[in-house]
Amino acid sequence: MKNLLNCHSIGLHSFPISFENGLYKRIFYADTNHCMWKPIEVAIHPHHVDIKITVLEGELFNPLYEVNKEGELVKKFQWVSHILNGKGGFEYLGDERIKQLSNKSYKAGEVVIMKACELHTVQIEKGKICVWLIEETIPTCDYFPINYSPYDLSNWNADGLYLEVDETVKQKYVGKYLGCVPA
């Protein structure tokens, strides 16, 4: 996996720490210019593996959702990962109703564990730095690359996103957190 500036959204950066048995540990760093304060800036999504999120700095909001006929009508998309495929995008599949289940916040030192099939997005207060560790674990449920958004993502493009950087840039952003990452 590559060190990426503007991963999924402007001001959100992703730095891999390790890769063992097909599973990554990586640090996400949202700088003060991030757009993650916008509602559903990153589409509501599942993961291909179970994940453990540990907040290293700041406060991370983790809204959880479920498909629910009583929920809000949103657009449903199949996601093709830009990171995994070199180019990506969203294919519109129709509309679906989803319901927000919770919007818990997590501060430095706090942990949330999520199954691959759980739907979520993340939010961060405007102008605030937030740093978190993602540890992938073996999935305990099936993954389908289905994302949800109130926005039309059919014409989404990766311009300005997924900018590969070297280890020097990675150290500048996350060097001080590397001692906090469990082996």
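Residues numbered from 1 in each chain as written. Predicted model: local features only at pLDDT ≥ 70, side-chain atom pairs only at ≥ 80, totals over all residues. Heavy atoms only, no water.

Peer 1: Hey, could you run me through the environment of leucine 133 in this one?
Peer 2: Note on placement: leucine 133 falls in strand β9 (residues 130-137). Separated by 18 residues in sequence, leucine 133 and tyrosine 151 have C-alpha atoms that sit 28 Å apart. In contact with leucine 133, not counting residues within four places along its chain, are Lys25, Arg26, Ile27, Lys52, Ile53, Thr54, Leu56, Val181 and Pro182. (Helix = DSSP H or I, 4+ residues; strand = E, 2+ residues; numbered from the N terminus. Contact = heavy atoms within 4.5 Å.)

Peer 1: Please explain the packing of aromatic side chains as it appears in this structure.
Peer 2: Enumeration according to the criterion identifies 10 aromatic pairs in this entry. Ring centres of tryptophan 79 and tryptophan 156 lie 5.6 Å apart, and the angle between their planes is 75°; on these two criteria the pair is classed as edge-to-face. On the criterion of sequence distance, the pair formed by tryptophan 79 in strand β5 (residues 59-80) and tryptophan 156 in the loop between β10 (146-149) and β11 (163-165) is long-range, its members being 77 residues apart. Ring-pair connections join several aromatic residues into one group, and the members of that group are Phe77, Trp79, Phe90, Tyr92, Trp156 and Tyr162. Lysine 126 extends its terminal NZ or CZ atom over the ring of tryptophan 37, reaching a point 4.4 Å from the ring centre. (Phe/Tyr/Trp six-rings, centres within 6.5 Å; stacked < 30°, edge-to-face > 60°. Lys NZ or Arg CZ within 6 Å of the ring centre and 35° of its normal.)

Peer 1: Whenever I open this one, the pattern of salt bridges confuses me. Can you help?
Peer 2: A side chain with one charge may pair with a side chain of the opposite charge, provided their charged atoms come close. Within this structure, the stated rule accounts for 5 salt bridges. One salt bridge in this structure joins lysine 25 and glutamate 135, with 3.9 Å as the shortest N-O distance. Here lysine 25, found in strand β3 (residues 23-30), pairs with glutamate 135, found in strand β9; they are 110 residues apart in sequence, far enough to count as distant. In terms of burial, lysine 25 and glutamate 135 fall into one category: buried. Several salt bridges share partner residues, and in doing so they unite Lys25, Lys52 and Glu135 into one network. (Salt bridge = Lys/Arg side-chain N within 4 Å of Asp/Glu carboxyl O. Buried < 20%, exposed > 50% of the residue type's maximum accessible area, 1.4 Å probe, protein only.)

Peer 1: When you look at the state of the cysteines in this model, what are you seeing that I'm missing?
Peer 2: What we call a disulfide is simply a covalent bond connecting the sulfur atoms of a pair of cysteines. One pass over the full model with this rule turns up 1 disulfide. Free cysteine cysteine 7: the closest other cysteine sulfur is in cysteine 35, separated by 14 Å. (Disulfide = S-S within 2.5 Å.)

Peer 1: Is there a simple way to explain the side chain of serine 14 in this structure?
Peer 2: By secondary structure assignment, the location of serine 14 is in strand β2 (residues 12-20). One polar contact links serine 14 to arginine 26, side chain to side chain, over a distance of 3.5 Å. Filtering out sequence-adjacent residues up to four positions away, serine 14 remains in contact with Lys2, Asn3, Leu4, Cys7, Arg26, Ile27 and Phe28. (Polar contact = N/O pair within 3.5 Å; in protein donor to acceptor, adjacent residues only side chain to side chain.)

Peer 1: How do you make sense of the confidence of the model for the protein chain when you look at a structure like this?
Peer 2: Per-residue confidence for the protein chain averages 94 on the pLDDT scale, and 97% of its residues sit at or above 70. Per-element confidence in the protein chain is highest for strand β8 (residues 119-120), whose mean pLDDT is 98, and lowest for helix α1 (residues 82-85), whose mean pLDDT is 64. (pLDDT = per-residue confidence, 0-100.)

Peer 1: Please explain helix α2 (residues 167-174) as it appears in this structure.
Peer 2: Each turn of an α-helix holds 3.6 residues, which means side chains three or four residues apart point in the same direction. For α2, the set of buried residues is Lys170, Tyr173 and Val174. Around the axis of α2, the buried residues are gathered within 70° of arc, so they sit on the same side. Exposed and oriented more than 90 degrees from the buried face of α2 are Thr168 and Lys172. Along its buried surface, α2 packs onto β1 (3-5), β2 and β3. The opening residue of α2 is aspartate 166, an N-cap whose side-chain oxygen sits 3.1 Å from the backbone nitrogen of threonine 168. (Arc of directions from axis to C-beta.)

Peer 1: Would you mind showing me how to read the environment of isoleucine 10 here?
Peer 2: Mapped onto the fold, isoleucine 10 is located in the loop between β1 and β2. Between the alpha carbons of isoleucine 10 and lysine 126 there is a distance of 13 Å; along the sequence they are 116 residues apart. If sequence neighbours within four positions are ignored, isoleucine 10 has contacts with Asn33, His34, Cys35, Gly160 and Leu161.

Peer 1: Hey, could you run me through the side chain of asparagine 62 in this one?
Peer 2: Structurally, the position occupied by asparagine 62 is in strand β5. Within the local environment of asparagine 62, its side chain forms a polar contact with the side chain of histidine 120, the two groups lying 2.5 Å apart. Not counting chain neighbours up to four residues away, the residues in contact with asparagine 62 comprise Ser102, Asn103, Lys104, Tyr106, Val112, Met114, His120, Thr121 and Val122.

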